[in-house]
Every structure is written in structure tokens, then in C-alpha cells.
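Take a look at the letters that make up each chain.
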Amino acid sequence: MTDDETALRELLVKGTDASVLREMIGFAAERLMELEVGGRTGAAHGERNPDRLAQRNGYRERDWETRAGTVELRIPRLRRGSYFPSFLEPRRMAEKALTAVIQEAYVHGVSTRAVDDLVRAMGASGVSKSQVSRLCAELDERVGAFLNRPIEGEWPYLWLDATYIKVRQAGRIVTVAATIAMAVNTDGRREVLGMATGASEAETFWTDFLRTLTRRGLRGVKLVISDAHVGLKAAANRVLGAASQRCRVHFMRNVLAHAGKGHRRLVSAWIATAFAEADADAARKQWRSVADQLRPRVPKLAALMDTAETDVLAFMTYPKEHRAKIHSTNPLERLNGEIKRRTDVVGIFPNEAAITRLVGAILLEQNDEWAVQRRYMSLETLAPVSDDPTISLSAVAA
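It is worth spelling out the environment of Ile75 at this point. Residue position: Ile75 is located in strand 2 (residues 69-78). Setting aside chain neighbours within four positions, we find Ile75 in contact with Met33, Gly58, Tyr59, Arg60, Arg62, Tyr83, Pro85 and Leu88.

The first and last C-alpha atoms of helix 10 (residues 280-294) sit 21 Å apart over 15 residues, in line with the 21 Å expected at 1.5 Å per residue. Within helix 10, burial applies to Ala280, Ala283, Trp287, Val290, Ala291 and Leu294. The arc that holds the buried residues of helix 10, viewed along the axis, is 100°, so those residues lie on one side. Exposed side chains of helix 10 directed beyond 90 degrees from the buried face belong to Asp281 and Lys285. Residues of helix 10 that are buried make contact with helix 8 (248-256), helix 9 (264-275) and helix 11 (299-312).

With that out of the way, let us pick up the packing of aromatic side chains. Considering all chains together, one arrives at eight aromatic pairs under this definition. With 5.6 Å between their ring centres and 35° between their planes, Phe251 and Trp287 make a pair best called tilted. Here the residue Phe251 occupies a position in helix 8, and Trp287 occupies one in helix 10, the gap between them amounting to 36 residues. The class for Phe251 is buried, based on a relative accessible area of 0%. Here the aromatic rings of Phe275 and Trp287 are separated by 6.0 Å at their centres, their planes lie at 50°, and the arrangement is tilted. Residue Phe275 is located in helix 9, and its partner Trp287 is located in helix 10; the two are separated by twelve residues in the primary sequence. Owing to a relative accessible area of 0%, Trp287 belongs among the buried residues under this scheme. What links up through ring pairs into an aromatic cluster is the set Tyr157, Trp159, Tyr318 and Tyr376. It is Arg248 that lies over the ring of Phe275; its NZ or CZ is 4.2 Å from the centre. The ring of Tyr376 carries Lys325 above its face, with NZ or CZ at 4.4 Å from the centroid.

How each quantity is defined
Residues numbered from 1 in each chain as written. Predicted model: local features only at pLDDT ≥ 70, side-chain atom pairs only at ≥ 80, totals over all residues. Heavy atoms only, no water. Helix = DSSP H or I, 4+ residues; strand = E, 2+ residues; numbered from the N terminus. Contact = heavy atoms within 4.5 Å. Expected span 1.5 Å × (residues − 1). Buried < 20%, exposed > 50% of the residue type's maximum accessible area, 1.4 Å probe, protein only. Arc of directions from axis to C-beta. Phe/Tyr/Trp six-rings, centres within 6.5 Å; stacked < 30°, edge-to-face > 60°. Lys NZ or Arg CZ within 6 Å of the ring centre and 35° of its normal.

In C-alpha cells:
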């Protein structure tokens, strides 16, 4: 009787059905990993073989969730390269990208202490440059195809925002803007349309980014929602000929900085009365009334309201069903929060390509999730903002 048969017989008389099943699954997984690692190294465990391709380097623990319960696995590690069991669910793309970026930082010697600790925790301290290059190439191909895909149809609403990430350039640590574009089409679906990295958010940067989107097919934009960066607003008007909506949330933060601490809640509620009006004309009238009443006591705040009126109230001219979603960059802020959470793990990126790899993978995952969710906006409410007559006819027929 072989050792494997003896071990299996012992399991069968060991305990309850559930525990036996878990043990059998673990037993089978262990044997399969040994076979796979043996094929990778060219030798069985403990075998002396002059033709061995790689040396083992202990194990790393991982819990495997199965229908029979949690199975504790001891996954073999290699001194060169890495091994991941074929029967386990592969990492999601964003997790692969994060791993690739961390490993790239590690093998190029530009990682932080926190990244070094993460590499060791993942059991990847023996990772090679060639392995990282292969992983990066696989990810870059998929992310590149996603970020450069053709854009079809009309996209009435476009959200633009940026988050800031640290990267090494020419031996220095600098901060670059990772810009993201999200839009809703006339089918009511939202998608991530693209991203770009740049040293600043100057008008030239935004112009180049928007022109890239139009070359890929972006058209039909009626409203651009952003934080009202001067360069962005000018570029959107020049390239897209679209109106601009200044993020209401960002505006309120700026306004309340001019109000005393004891009056901020009151001022916020007062300005919000304009947003509660039924139409654009009534909103503008109320806006000016509030500004005039604040002018004697808080002239800077009133002046800010005068300057921002057109941009902050732009959303009021669009269908009321859309206003809660187009008055701010909140839809992108939530996505930026997830990006920040993932990028903070890396800390300092080795290069801008690594930023695109990780952020692009996160955006691709998010886009896939949106694709299977319900429409972000209904077809009927989108008809008034579409230039396509078939959209209007479909809405009427419905």
C-alpha cells in the first residue's frame, strides 16, 4: 500500500462527514500542488536531480473557501519565479495589476519599506524581472485595449475628475494627476471612457485628453460635470462645445469657508433653497435673492455666488429626473476613493506606466460591473437631451 493510500484510508475513519470531506479536498489539493510544482521544478519533493530547474522555498498559508467549508492550504514557494495553484480562482484584474505594480517596484529597487513587506507577505520575494515583465505585458494589453476602444453613440453627460498619485521621475518623487472620464450614453448606460496621467491640469492637458476622446468617437456631449477647473472648462468648451456644470459639493465647501463657523449650517440651507426650485428661472431668481441678502454681511460670499451662478445652476436646465446625478462629481468621487485605496498600498509608483496599469485595471473592473447593472438613466428621460431622432421616437413609443 502506498503512502498516499494509507493517508487517504486514515482520513475515511477520522471524523464527521463534513470534516472528512474537507480533509479529502485538502488531501487532493495538496497532491495536485505537489504534481504541479514538481513539473515546474523538474523534480519531486526531496528528490536529488541534477536537471532540477528551480529550488523550493518553503510554503505560504492560504485559506480556500469551498462548499464543504474552509480548507487550509500550504502553497509551495519557489526561490525563483512563483507558483499559483491552477485549481484556485485567479485574482481579479485589479488585484493582478496591484501585484504587478508592487513587484515591479520591488525588482527595480524603487520600492518603499511597506512595499517590501507586502512582497514578502505575498510570498513573492524571489520574483524575477522576466516574470514581472510577462505579467505586466499581459495586463497592459488588456488595459490598453479597454482605454483605447472605439466610443460609439451619443454621450449627453460627461464627468471629469482627477486624483493625485506619487511617482518616481528621473530620481525624484513627483505628483501627477490621474484623470478619469465617465459618461452616460443615450441608452442610459454609464461607462468609463478613458484616463490619462499628466504633471498638471493645465488647459493644454485637458485639451489633449478631450481630443483623444473625440478621435475615438466621443460625440453628443451636452454637459460636462467637473470641479470647474479653469483649464478644464475652457478645454471642454473648445473641444466639445458643451456647457459646464460646476460640482455643487465642491462649490458649497468653497462658499462655507467664507461663512463663520456658527453660520455655516444656516448659509448652507439658505443657498440650498435655490436648488429646490422647480425650474432654472426660479432657481436663478432665488439664488440672486439669497446673494443680495448675504451681501451686506458677507460680501465675499455674495460675490462668489454672483460669479458661480451660471456654472452651479447649469444642471437646472436639464430633465429633473437627472438633476440628482448631474449636479456634482459624486459618481466619480466614489470611484476615485476606490482608486486612492488601492494606490495608497503602493505609495510611490515606479513610473507612469505602472499608474496606468493599476488604475486602468480598476476602471475596467468597474466598467464591467456597471455593464450588468440596471440603466443609470431611463430611455424616456434621455430623449430630450439626444440629437438622435430614433431615441426620441423610441421614448414616445414606450
